[in-house]
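Here is what each chain is made of, one letter per residue.
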Protein chains: 2
Amino acid sequence: MSGKPTLAIVGGTGALGGGLARRSAAAGYEVVIGSRSVDKAEAAARALAPAARGVPPRGTSNVEAAGAGDVVILSVPWASHGAILDEIKPRVAGKIVVDTTVPLVPPKVARVQLPAETSAAVAAQRRLGDGARVVAAFHNVAAAKLQADAPVDCDVLVFADAPEDRAAVVELAEAAGLRGVHAGPLANAVAAEALTSVLIGINRHYKVPGAGIRITGLDKD
Amino acid sequence: MSGKPTLAIVGGTGALGGGLARRSAAAGYEVVIGSRSVDKAEAAARALAPAARGVPPRGTSNVEAAGAGDVVILSVPWASHGAILDEIKPRVAGKIVVDTTVPLVPPKVARVQLPAETSAAVAAQRRLGDGARVVAAFHNVAAAKLQADAPVDCDVLVFADAPEDRAAVVELAEAAGLRGVHAGPLANAVAAEALTSVLIGINRHYKVPGAGIRITGLDKD
């Protein structure tokens, strides 16, 4: 018993989800990768096995993964967000659901276009109901940087209404080698979601591969 | 002729406006401080005179200041935003109007509460009409740090629809000793406005006086 929660990564074959899966498995977390394609999930899990420090990762459907995880990390495109939440809803009651979704609307992904609910995180909480403990995080980290081994020069803003849920996800961020920052209630997640479009635009303007953010003045760097 | 625009600072007796006035005057800009109270504006201007490097700052009403400035910087509380925009509207046609306003709704200023128009910046552009060139900036800089002489560890995200207007305000930020960052269209200003509530909450949570942000990965630090 490591005492660490089992992490389900719904959409764990994508770039951001894959990076989180890899870093979490390397940090000794038991990881269950979910995907619409079980084959792809199993292949992704096999690919991670050499990097894992504890139980080897396994792959399954999104719904099975959500059921297997103590903490469920959601890393899916905005276009599938609602449908996947409906699918996993019966399996996440009482659990922390970490929503990493940025509500990008192609083709203008460098332009902030807020959803009717203001943020994906608030939309997720409404969709899942009070039973699930939605925490929003990991919006601003470039997926490619998360997939590489190098240190990532980016903070993770963590939003949740319950301070203990925020603390749990700050810990997950730190395990993945990132600094997690308590960033207030779920209603504040719009700040980080919107910032991702800003960062995409900054990447284009300055011709850089992965701009990120740091919170300054915390005196704990 | 310095070639520098004259800067009007509407609400220039406040903490943020005062800090910008001081740093801009020290950088050699001609500064006109506006306030609802002409007496206060004149007193603030006199107080800045020793720091000024060019023409001494002067103080006047908000409307007169807006008329005198080539660039008009707006630093007023959200509660007076609409009324002051209506007042200065006849004096800002064709000018860059730098809106620094964060739409905080007391008492819950650490909670993001977006206005109906999504952001103060978009509200300002609608209110002023197409004649004015609204640029949004300076949302995340702690006013107290701006008023002090020390370097400020915070970037200034600059939003505007016209790249040349963004560039003009990036230059103002740099003159004030800050790094300005091209952050996309005015619609993106919601990211920085919302981030200010996040930073206020971070100050409380971590018990620090003035958290800020840095964009990482620009390779021009």
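Since we're looking at a predicted model, the values are computed, not measured. (Residues numbered from 1 in each chain as written. Chains lettered and ligands numbered in written order. Predicted model: local features only at pLDDT ≥ 70, side-chain atom pairs only at ≥ 80, totals over all residues.)

(A) Main features of the overall build of chain A. When you go through chain A residue by residue, the secondary structure sums to eight helices and nine strands. Here the C-alpha radius of gyration of chain A, 16 Å, is about what a compact globule of 221 residues would show, namely 17 Å. Looking at chain A as a whole, 57% of its 221 residues qualify as buried. Across chain A, the fraction of contacts at a sequence separation of at least 24, relative to all contacts at a separation of at least 6, is 72%. (Helix = DSSP H or I, 4+ residues; strand = E, 2+ residues; numbered from the N terminus. Rg over C-alpha atoms; globule rule 2.2 N^0.38 Å. Buried ≥ 20, exposed ≤ 12 C-beta atoms within 10 Å, placed from the backbone. Contact = placed C-beta atoms within 7 Å.)

(B) Spatial organisation of the confidence of the model for chain A. Here chain A shows a mean pLDDT of 96. Residues at 70 or above account for 98%. Under the prediction, the complex receives an ipTM of 0.96, its pTM being 0.96. (pLDDT = per-residue confidence, 0-100.)

(C) Summary view of the relation of the copies chain B and chain A. The two copies are related by a screw operation: chain B maps onto chain A through 180° of rotation and 0.0 Å of translation along the axis, at an RMSD of 0.0 Å. Accordingly, the operation relating the two chain copies is best matched by a two-fold axis. A share of 100% of the interface residues of chain B reappears at the interface of chain A, consistent with the copies meeting face to face through the same patch. (Least-squares fit on C-alpha atoms with pLDDT ≥ 70 in both.)

(D) Spatial organisation of unusual backbone geometry. Residue Pro107 of chain A follows Pro106 of chain A across a cis peptide bond; omega there is 5°. Along the chain, Pro107 of chain A turns up in the loop between strand 5 (96-99) and helix 5 (120-128). The phi dihedral of Lys207 of chain A falls on the positive side, at around 55°, and the residue is not glycine. Residue position: Lys207 of chain A is located in the loop between helix 8 (189-206) and strand 9 (212-216). Overall, Lys207 of chain A belongs to the exposed group, with 8 C-beta atoms counted inside 10 Å. In the Ramachandran plot, Phe138 of chain B falls in the positive-phi region, its phi being about 70° despite a non-glycine side chain.

(E) Representation of the pairing of strand 9 (residues 212-216) of chain B in the model. In terms of burial, strand 9 of chain B is largely enclosed, as four of its five residues are buried. Both strand 9 of chain A and strand 9 of chain B contribute to a ladder of five bridges, which runs antiparallel. Bridging from a neighbouring strand, Gly212 of chain A pairs with Thr216 of chain B of strand 9 of chain B. (Pairing = 2+ DSSP bridges.)

(F) Here's a closer look at the sheet that holds strand 5 (residues 96-99) of chain B. Residues and elements named next belong to chain B. Strand order in this open sheet of six strands is 3-2-1-4-5-6, and the pairing throughout is parallel. A single partner strand is all that each edge strand has here, and the edge strands are strand 3 (58-61) and strand 6 (133-136). The average angle at which neighbouring strand axes cross in this sheet is 25°, direction not considered. The sheet contact formed by strand 1 (residues 7-10) and strand 2 (residues 31-35) spans four bridges and is parallel. When the sheet's bridge partners are listed, Ile9 is paired in strand 2 with Ile33. (Axes fitted to C-alpha atoms, helices over the stretch in contact; angles between N-to-C directions.)

(G) Examining the nonpolar core more closely. Core analysis: the biggest nonpolar cluster contains 160 residues, and Val10, Val158 and Ala191 of chain A together with Val10, Val158 and Ala191 of chain B have the highest contact counts within it. Once residues within four sequence positions are removed from consideration, Ala191 of chain B is found in contact with Val112, Ala191, Ala194, Leu195 and Val198 of chain A. (Core = buried A, V, L, I, M, F, W, Y, C linked by C-beta atoms within 7 Å.)

(H) Just the packing of helix 4 (residues 78-88) of chain A against helix 5 of chain A, in detail. Residues and elements named next belong to chain A. It is at 9 Å that the axes of helix 4 and helix 5 come closest, and there the two elements cross at 20°. As summarised for this structure, helix 4 and helix 5 are arranged roughly parallel, according to the angle between their axes. Helix 5 is crossed by helix 4, and the crossing has right-handed handedness. For the pair helix 4 and helix 5, contact is made by Trp78, His81, Gly82, Leu85 and Asp86 and by Ala120, Ala124, Arg127 and Leu128, respectively. For the contact of helix 4 with helix 5, the residue count by class is five nonpolar, two polar and two charged. (Parallel < 35°, antiparallel > 145°, perpendicular 65-115°, else oblique. Left-handed = near helix turned anticlockwise from the far one by under 90°. Nonpolar A, V, L, I, M, F, W, Y, C, P; charged D, E, K, R; others polar.)

(I) Layout of the interface of chain B and chain A. The interface is formed by 36 residues belonging to chain B together with 36 residues belonging to chain A. Mapped onto the side of chain B that touches chain A, the elements with two or more residues apiece are strand 8 (179-182), helix 8 (189-206) and strand 9 of chain B. A total of ten residues in the side of chain B that touches chain A trace back to one element, the largest contributor, which is helix 8 of chain B. Looking at the side of chain B that touches chain A residue by residue, the classes come out as 21 nonpolar, eleven polar and four charged.

(J) Region of interest: the sheet that holds strand 1 (residues 7-10) of chain A. All names here are of chain A. Spatial strand order, 3-2-1-4-5-6: six strands in an open sheet with parallel pairing. Only two strands of the sheet have a single neighbouring strand rather than two, namely strand 3 (58-61) and strand 6 (133-136). Averaged over all pairs of adjacent strands, the angle between strand axes in this sheet comes to 25°, irrespective of strand direction. Bridge count for strand 5 against strand 6 is four bridges, and the pairing is parallel.

(K) View of helix 8 of chain B. Residue and element names in this part refer to chain B. The end-to-end C-alpha distance of helix 8 is 26 Å, a good match for the 26 Å that 18 residues give at a rise of 1.5 Å each. Among the 18 residues in helix 8, 13 count as buried, and that is most of the element. Positive phi shows up at Lys207, right after helix 8, with a value of about 55°. (Expected span 1.5 Å × (residues − 1).)

(L) Molecular detail of helix 4 (residues 78-88) of chain B. Residues and elements named next belong to chain B. Residues His81, Ile84, Leu85 and Ile88 constitute the buried set of helix 4. Viewed end-on, helix 4 has its buried residues packed into an arc of 105°, placing them on one side of the element. In this structure, helix 4 carries Ala79, Ala83 and Asp86 as exposed residues pointing more than 90 degrees from its buried face. (Arc of directions from axis to C-beta.)

(M) Spatial organisation of the environment of Gly82 of chain B. Residues and elements named next belong to chain B. Counting through the fold element by element, Gly82 comes out in helix 4. Overall, the presence of 15 C-beta atoms within 10 Å leaves Gly82 in the partly exposed class. Taking C-alpha positions, Gly82 is 9.6 Å from Leu128, a pair spaced 46 residues apart along the chain.

(N) Molecular detail of the environment of Val55 of chain A. Residues and elements named next belong to chain A. Here Val55 is to be found in the loop between helix 2 (38-48) and strand 3. A tally of 14 C-beta atoms within 10 Å means that Val55 is categorised as partly exposed. Along the chain, Val55 and Val31 lie 24 residues apart, while their C-alpha atoms are 8.0 Å from each other.

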